[in-house]
Amino acid sequence: MQNIPPQVQAMLGQLESYQQQLQLVIQQKQKVQIELNDAKKALEEIEKINSEAPVYKTVGTLIVRTKKDEALKELKEKVETLEVRLNALDRQEKKLNAKLKELTQQIQAALRPTAG
C-alpha cells in the first residue's frame, strides 16, 4: 500500500465507499420488494371478497375493522408508493454500479506500468 500513489489510494477509498453505498441500496431494494409483494398479495385477496365481508387492518399494535373500499384505496396507494421507491432505488443502484465500474477502470489504468 505504501508504493501506491496517494491519488490511487484516494480512489480506492472512494471505491470502498461506493461499494458500501451499493450494499445499502441493495438491502433497501430487497426490503421494498418484499413489502411490495406483500401489498400486492393483500390487494389481490381483498379484491376477491364481497363488499360486505369484514376487512381488518393493522394500525400500530392494533387490528381495526375497515371498509373494503377504504382498504383497497390504501393498498393501491401503498403499492404505487412502493413501486416509485423501488424504481428510485433501481436507478440509484445502476448509477452506483456505473461509478464503480468507471472508478475500477481508472484505478487499473493508474496502476498499469507505463510503457517506456
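Figured I'd write up the structure that's included with this text. Owing to the predicted nature of the structure, the values given are computational and were not obtained by experimental measurement.

### Quick word on the overall build of the chain
Secondary structure assignment for the chain yields 2 helices and 2 strands. Along the chain, helices and strands appear, N-terminal first, in the series α-β-β-α. In terms of overall size, the chain is more extended than a compact globule, its C-alpha atoms giving a radius of gyration of 24 Å where 116 residues would be expected to give roughly 13 Å. Each of the 116 residues in the chain was classed as buried or not, and the buried ones make up 22%. When contacts within the chain are restricted to residue pairs at least 6 apart in sequence, long-range pairs at least 24 apart make up 73% of them. Within the structure as shown, the chain displays about 9,000 Å² of accessible surface, and the carbon and sulfur contribution to it stands at 52%. Charge separation in the chain, taken as the distance between the mean sites of 19 positive and 16 negative side-chain charges, equals 4 Å.

### Describing the environment of Asp69
Mapped onto the elements of the fold, Asp69 is located in helix α2 (residues 68–111). Taking the C-alpha atoms as reference points, Asp69 and Ile46, 23 residues apart in sequence, are found 9.4 Å from one another.

### A few points about the nonpolar core
Core analysis: the largest hydrophobic core is formed by 23 residues, its most contacted members being Leu43, Ile46, Leu103 and Ile107. Taken together, the elements giving at least two residues each to this core come down to α1 (6–48) and α2. Apart from residues no more than four positions distant in its own chain, Ile46 is found in contact with Val55, Lys68, Ala71, Leu72 and Leu75.

### Some details on the pairing of strand β2 (residues 62–66)
With 5 bridges connecting them, strand β1 (residues 55–59) and β2 associate as antiparallel partners. Directly across from Val59, in β2, lies its bridge partner Leu62. Taking the residues between adjacent antiparallel strands as the criterion, β1 and β2 are bridged by 2 residues, where Gly60 takes a positive phi near 65°.

### Quick word on the environment of Leu15
Structurally, Leu15 can be placed in helix α1. Each C-alpha atom, one on Leu15 and one on Ser51, is 55 Å from the other, the two residues being 36 residues apart in sequence. Residues contacting Leu15, with those up to four places away along its chain left out, are Leu100, Leu103, Thr104 and Ile107.

### So, the pattern of salt bridges
Counted under the stated rule, the structure contains 7 salt bridges. Note that Glu74 is salt-bridged to Lys57, the shortest N-O span being 2.9 Å. Of this pair, Glu74 sits in helix α2 while Lys57 sits in strand β1; the two residues are 17 residues apart in sequence, bridging distant segments of the chain. Connected through shared salt-bridge partners, Lys29, Asp90, Glu93 and Lys94 make up one network.

The rules we used
- Residues numbered from 1 in each chain as written.
- Predicted model: local features only at pLDDT ≥ 70, side-chain atom pairs only at ≥ 80, totals over all residues.
- Heavy atoms only, no water.
- Helix = DSSP H or I, 4+ residues; strand = E, 2+ residues; numbered from the N terminus.
- Rg over C-alpha atoms; globule rule 2.2 N^0.38 Å.
- Buried < 20%, exposed > 50% of the residue type's maximum accessible area, 1.4 Å probe, protein only.
- Contact = heavy atoms within 4.5 Å.
- Areas by Shrake-Rupley, 256 points an atom, 1.4 Å probe, with all protein chains shown as cover.
- Lys, Arg positive; Asp, Glu negative; His and termini not counted.
- Charge placed at Lys NZ, Arg CZ, Asp CG, Glu CD.
- Core = buried A, V, L, I, M, F, W, Y, C linked by side-chain atoms within 4.5 Å.
- Pairing = 2+ DSSP bridges.
- Salt bridge = Lys/Arg side-chain N within 4 Å of Asp/Glu carboxyl O.

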